[in-house]
Amino acid sequence: MNDLPPDCRNRRITKPGSMAVMPLNASIKAVLARLLGNAIAFVYHLWSASWSVDKAEIARLEELSAAGKGVILVFWHGKFLPLFALLEGQHAVVFTSEGFRGNVIARICQKFGYVPSILPPGGQGAAYRHMIRESRHGKTVAFATDGPLGPHRQAKPGAVQMASQLGFLILPVSVVSQPKRVMEKRWDKREWPHWGASVTLRIGDPIRIPAGMKGDAVRRWSAIVTRAIDANEHRK
C-alpha cells in the first residue's frame, strides 16, 4: 500500500453503495444522536425547572451510597420521565439498547449526570452478563422493572437476580405529581407532570434479597418487589 500516492494511502476504493460507506453513515448517526440528545436534555431541564419539587427522601439513597452499599433503584416505566430529573447527578448506571434511539438516551443520561451503558447484541444472556459486569463495586443501578414492554406494573426478575448475585439492596422509587397528564393508551400509562406541577420523590425501605435465588424463589421475590413499589407510591 505504501506505493500509493499520499492522498490515496488511507482511502478505501469501493463501488457506490458498498458496505465501505457504513462507517461514514455510522458517524453521521452518532453525531445526530448526540445533537438530538443534547436538545432533548435542554428542553427537559427547562421543563423540570418549572416544577415545585420535594425530594427530601433522596437522603435515603445518599446515605446508602456514602456507605458504599450497592443499590438497585426499581420503579415503574411510566414514571421514568419525572424520575430522570429528580435523581439527577446520582451517577447511577442506566442501561440502554443498541442503535440510534439507545445512543440518544445515552446522551441524555450523560447530560443528567448518569452513567449510560449500551447493552451488547447476543440476546438476554449476553445482556445480563454485561449488566453484572457494569454493576459491580458498589454502584447504583436504575431499573424500570416492568420495562421495556410490560406487563404494566409487574416487576420482572432481572433486578432480583442481580441483587441476589451481587449482594445489592433493592430500593423502591416512585414519584407523585399534580397536576399531570397520563397517557392512558400506552401500555405503561406514562406520566407527564404539567408545567409548574408539584412533584414529590418517594423512596421506600431497602429490600435485601437472599443470595442464590433461582426459579420460583426469584418469582416470589419479584412479587414482593412489585408490592413494595406500589406501596411506596401510595403511602401517606
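## What to know about the pattern of salt bridges
Taken as a whole and assessed by the stated rule, the structure comprises 11 salt bridges. Two residues, E191 and K180, come together in a salt bridge whose shortest N-O distance is 3.4 Å. Of the two residues, E191 sits in strand β7 (residues 191–203) while K180 sits in strand β6 (residues 169–182), which places them 11 residues apart along the sequence. On the basis of relative accessible area, K180 is assigned to the partly exposed category, the value being 27%.

## Some details on unusual backbone geometry
Residue G147 is joined to P148 through a cis peptide bond whose omega torsion reads 0 degrees. Locating P148 in the fold gives a position in the loop between β5 (140–144) and α6 (158–166). Here Q178 and P179 are connected by a cis peptide whose omega angle stands at -10 degrees. Tracing the backbone through its elements, the reader meets P179 in strand β6. One non-glycine residue, H91, lies in the positive phi region at around 60 degrees. Assignment of secondary structure puts H91 in the loop between α3 (80–86) and β3 (93–96). The phi angle at K189 is positive, at roughly 50 degrees, despite the residue not being glycine. Its location among the elements puts K189 in the loop between β6 and β7.

## Notes on the side chain of H130
Turning to its location among the elements, H130 is positioned in helix α5 (residues 123–134). Overall, H130 belongs to the buried group, its relative accessible area being 12%. Ignoring sequence-local partners within four residues, the contact set of H130 consists of F95, S117, I118, L119 and P120.

## Considerations on the packing of aromatic side chains
This structure, assessed with the given rule, holds 8 aromatic pairs. Relative to F112, the ring of Y44 lies with its centre 5.0 Å away and its plane at 50 degrees, an arrangement referred to as tilted. Of the two residues, Y44 is situated in helix α1 (residues 22–49) and F112 in the loop between α4 (100–111) and β4 (115–118); the sequence distance between them amounts to 68 residues. For Y44, a relative accessible area of 7% gives the class buried. Considering the side-chain rings of W47 and W192, the 5.7 Å spacing of their centres and the 35 degrees angle between planes classify their relative orientation as tilted. One end of the pair, W47, is in helix α1; the other, W192, is in strand β7, with 145 residues separating them in the sequence.

## Observations concerning the side chain of D188
Mapped onto the elements, D188 comes out in the loop between β6 and β7. Residue classification places D188 among the buried residues on the basis of a relative accessible area of 2%. A polar contact is formed between the side chain of D188 and the side chain of H77, at a distance of 2.7 Å. At a separation of 2.8 Å, a polar atom in the side chain of D188 contacts the side chain of R186.

## Some words on the environment of K139
With respect to the helices and strands, K139 occurs in the loop between α5 and β5. According to the relative accessible area criterion, K139 is partly exposed, its value standing at 34%. Spatially, the C-alpha atoms of K139 and V71 are 6.6 Å apart, while their sequence positions differ by 68 residues. Excluding residues within four positions of it along the chain, K139 makes contact with G70, V71, V93, E134 and F168.

## Side note on the environment of I203
Mapped onto the secondary structure, I203 falls in strand β7. When the C-alpha positions of I203 and V175 are compared, they lie 8.6 Å apart, and in sequence the two are 28 residues distant. In this view, I203 contacts E57, I58, R60, L61, L171, P172, V173, N232 and R235; residues no more than four positions away in its chain are not counted.

Conventions we followed
Residues numbered from 1 in each chain as written. Predicted model: local features only at pLDDT ≥ 70, side-chain atom pairs only at ≥ 80, totals over all residues. Heavy atoms only, no water. Salt bridge = Lys/Arg side-chain N within 4 Å of Asp/Glu carboxyl O. Helix = DSSP H or I, 4+ residues; strand = E, 2+ residues; numbered from the N terminus. Buried < 20%, exposed > 50% of the residue type's maximum accessible area, 1.4 Å probe, protein only. Contact = heavy atoms within 4.5 Å. Phe/Tyr/Trp six-rings, centres within 6.5 Å; stacked < 30°, edge-to-face > 60°. Polar contact = N/O pair within 3.5 Å; in protein donor to acceptor, adjacent residues only side chain to side chain.

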